[in-house]
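Here are the chains, one letter per residue:
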Amino acid sequence: MSQSRYPSNWKPIATAVKNSSDWRCSRCDRPCLRPDEKPVGLSLSQRRVYNLQVHHYNFDPEDNRPENLAPLCSSCQSNSQFAMG
């Protein structure tokens, strides 16, 4: 997906969504790593599991209404093609 479809202020929007969930996945409730957290003993692939992303329910990165955004861990985001509920 083209990054050009995201607004120039996407980073603060995404950070606000993540902060509002206390950095937890809205689907599975997994606690995720904050940008300043560097856990010792986790490989890069293990850290990626705890990466929080912001999902657009309607798959439109130009639609950044709060009700269209959900914080999801990497695992849930990769399965986001399935209906969210």
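Predicted model only: the values in this text are computed from it and were never measured.

Student: Quick question: what am I supposed to make of the overall build of the protein here?
Tutor: Helices and strands together make up the secondary structure of the protein, namely three helices and two strands. For the protein, the sequential pattern of α-helices and β-strands runs α-α-β-β-α. In the protein, which comprises 85 residues, the proportion classed as buried is 28%. Once local pairs closer than 6 in sequence are excluded, the contacts in the protein between residues at least 24 apart make up 50%. When the accessible area of the protein is evaluated, it comes to approximately 5,600 Å², of which 51% is carbon and sulfur surface.

Student: Sorry if this is basic, but what is going on with the nonpolar core here?
Tutor: In summary, soluble globular proteins display a tendency toward joint burial of nonpolar side chains. Membership of the largest hydrophobic core is limited to seven residues, which are Trp23, Cys25, Cys32, Leu52, Leu72, Cys73 and Cys76. The next biggest cluster of nonpolar side chains, apart from the first, holds five residues, and it includes Ala14, Val17, Val54 and Leu69.

Conventions and cut-offs
- Residues numbered from 1 in each chain as written.
- Predicted model: local features only at pLDDT ≥ 70, side-chain atom pairs only at ≥ 80, totals over all residues.
- Heavy atoms only, no water.
- Helix = DSSP H or I, 4+ residues; strand = E, 2+ residues; numbered from the N terminus.
- Buried < 20%, exposed > 50% of the residue type's maximum accessible area, 1.4 Å probe, protein only.
- Contact = heavy atoms within 4.5 Å.
- Areas by Shrake-Rupley, 256 points an atom, 1.4 Å probe, with all protein chains shown as cover.
- Core = buried A, V, L, I, M, F, W, Y, C linked by side-chain atoms within 4.5 Å.

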